[in-house]
Amino acid sequence: MSDIWRDISYDNDTAPRAILERLKDLFGHEPYSQLIYCDVRNFLTYSNKRKFHSSNGMINNPGGSRLLNGDCLDVLKTIPENSVDFIFADPPYNIKKKYDNWNDAQDISNYFSWCDQWIAESARVLKPGRTFAIINIPLWIVRHFSFARSILDYQDWIAWEGLSLPVRKIMPAHYGIICFSKGRPIEIANHEKKARWETSQDFMNLKQWYCARASCIKKRNAAKITDRQPIGNLWWDIHRLKHNSKRVDHPCQLPPSLMKRLIHTFTKEGDLILDPFNGAGTTTLTSEMLGRKFIGIELSAKYHAIAEQRHLDLQKGRDPFAKNGTTPKAKNSRVARLQKQKYEVPKKTLQIEVKEIAIKLGRRPDREDIIRLSKYPVRYFDEYFIDWGEVCSAVGDKGMTENLSQPINTRPDDQQMQLSFG
Ligand SMILES: C[S@@+](CC[C@H](N)C(=O)[O-])C[C@H]1O[C@@H](n2cnc3c(N)ncnc32)[C@H](O)[C@@H]1O
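Residues numbered from 1 in each chain as written. Predicted model: local features only at pLDDT ≥ 70, side-chain atom pairs only at ≥ 80, totals over all residues.

Remarks on the overall build of the chain
Alright, step 1. What the chain contains, in helices and strands, is 13 helices and 12 strands.
Alright, step 2. The buried share of the chain, taken over its 422 residues, is 27%. (Helix = DSSP H or I, 4+ residues; strand = E, 2+ residues; numbered from the N terminus. Buried ≥ 20, exposed ≤ 12 C-beta atoms within 10 Å, placed from the backbone.)

Now the structure itself:
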């Protein structure tokens, strides 16, 4: 199971029963006995905002596009206030990636205080009414959210389903892209958008249950059913760059189609786009291809040179994102994964035994029952399974009784309720 739950819908007004059910299935095992649901939306306070104001509406556009090799904090300070139309930040995620000259394993409070500084500087240079988007893993994006919301206005939260590595019980499958505007966001009159609306993946999501089988596509075409729908805030149809043939020597390039969609959504031709962590140049290259101006800042001279070369290639008419014949040395991912486990007895055998014990007892066995009744040492159950739920997953009836202390679909009782696990 991943952390994107596309099979559950939620209407915002009633208690999220299906989500609670799933949480109950996932976590309702010993030693937990209660799940308390609190709707805190009414308690949020917005009083601590220190918003940026445009001084006399002054807009100072620094003009031409450029790539700058330097520390973004230093460079941002040289950019005039209220001068950039769209900012996209894809910072290092502090997950021990091997960068050319950046330590990606910092003390977390240092990491956050550094992030707060470039977020504040970026907010300063952003034009009023325009958007600043930050991408990060869910764990950190919530921290960026809380800081950014203290100085800017919340606009959108996009979940990009782009990561799938078995690193935890619930597989992390998405990045958060938080979007803030400086004051009320302006409407982008995007003519290109209208012209290509129905077909392009830049503007339209593939439909959720899209089937790529030729026979299914044929059937849909015959029935004049379009495979695409207007973009929502769950972007699951853009994939990470997995093939080395499309990567250059940088450890974490974003796919150009992600940048295309963001740029089309938040900018129009001629706008100035800033990326303070330009890496191998995905943002600035896409900007140039879409007729936008750009400023790309990159700390590493090596990555800066790669981006420069790719822009030169583009100007000579070559596609910088096309397959190339070289194999990049930089590894794409260094996220810690679950250790490979050696099993003395197959997990299935243990689960079948648990099922037999459950039938004998007439209930779901607990750990003490296993110590008493299993022919296998309890250490196998402790070490091989993520939790007791997995140990008992072959037991048909999970033995949980639901006891809602409040009726589920009515407000304001919805705002708090308890599920008891028997
Ligand atoms: C996640 S990568 C960005 C990748 C980029 N989006 C791409 O598709 O190529 C983060 C980049 O930030 C750069 N970086 C780290 N610290 C920086 C700083 N203080 N100023 C500017 N760039 C920095 C790293 O060298 C790295 O290339």
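Here we look at the site of the ligand
Alright, step 1. Near the ligand lie 22 residues; those nearest to it are Cys-72, Phe-277, Gly-279, Thr-282 and Leu-299.
Alright, step 2. For the shell around the ligand, a count of residues per class yields 13 nonpolar, 5 polar and 4 charged. (Near = placed C-beta within 6 Å. Nonpolar A, V, L, I, M, F, W, Y, C, P; charged D, E, K, R; others polar.)

A short note on the environment of Ser-257
Alright, step 1. Position of Ser-257 among the secondary structure elements: in helix 7 (residues 256–266).
Alright, step 2. A C-alpha to C-alpha distance of 8.6 Å links Ser-257 and Thr-286, two positions 29 residues apart in sequence.

Topic: the environment of Ile-217
Alright, step 1. Looking at the element boundaries, Ile-217 is found in helix 6 (residues 214–222).
Alright, step 2. Taking the C-beta count within 10 Å as the criterion, Ile-217 has 14 such neighbours and is therefore assigned partly exposed.
Alright, step 3. When the C-alpha positions of Ile-217 and Asp-227 are compared, they lie 8.3 Å apart, and in sequence the two are 10 residues distant.

Some remarks on the sheet that holds strand 11 (residues 293–298)
Alright, step 1. The mixed open sheet is built from 8 strands, whose spatial order is 2-11-10-3-4-6-5-9. Single-partner strands in this sheet number two, and they are strand 2 (66–69) and strand 9 (234–235).
Alright, step 2. As defined by bridge partners, strand 3 (residues 84–89) adjoins strand 4 (residues 126–136) across 5 bridges and the pair is classed as parallel. Opposite Val-84, over in strand 4, you have Leu-126 as the bridge partner.
Alright, step 3. Sheet strands touched by helix 8 (residues 282–289): strand 2, strand 3, strand 10 (272–275) and strand 11. Its angle to strand 11, the strand with the most contacts, is close to 170°. (Pairing = 2+ DSSP bridges. Contact = placed C-beta atoms within 7 Å. Axes fitted to C-alpha atoms, helices over the stretch in contact; angles between N-to-C directions.)

Brief notes about helix 10 (residues 347–361)
Alright, step 1. Helix length check: helix 10 (15 residues) gives 21 Å between terminal C-alpha atoms against 21 Å at 1.5 Å per residue, within 8%.
Alright, step 2. A positive backbone phi angle near 75° is found at Gly-362, which sits one or two residues after helix 10. (Expected span 1.5 Å × (residues − 1).)

A short note on the nonpolar core
Alright, step 1. Among the nonpolar cores identified, the biggest contains 44 residues, and Ile-87 and Trp-160 are the most heavily contacted of them.
Alright, step 2. The residues contacting Ile-87, other than those within four sequence positions of it, are Ser-122, Leu-126, Phe-132 and Leu-274.
Alright, step 3. By size, the runner-up hydrophobic cluster in this structure holds 7 residues, among which are Leu-350, Ile-370, Trp-388 and Cys-392. (Core = buried A, V, L, I, M, F, W, Y, C linked by C-beta atoms within 7 Å.)

Digging into the packing of helix 7 against helix 8
Alright, step 1. The interhelical angle for the contact between helix 7 and helix 8, taken along N-to-C directions, is 55°, at an axis separation of 9 Å. Relative to helix 8, helix 7 is oriented oblique. In this structure, helix 7 crosses over helix 8, and the sense of that crossing is right-handed. In contact with Pro-256, Met-259, Lys-260 and Ile-263 of helix 7, helix 8 contributes Thr-282, Thr-283, Thr-286 and Ser-287.
Alright, step 2. Partitioned by chemical class, the residues of the contact of helix 7 with helix 8 number 3 nonpolar, 4 polar and 1 charged. (Parallel < 35°, antiparallel > 145°, perpendicular 65-115°, else oblique. Left-handed = near helix turned anticlockwise from the far one by under 90°.)

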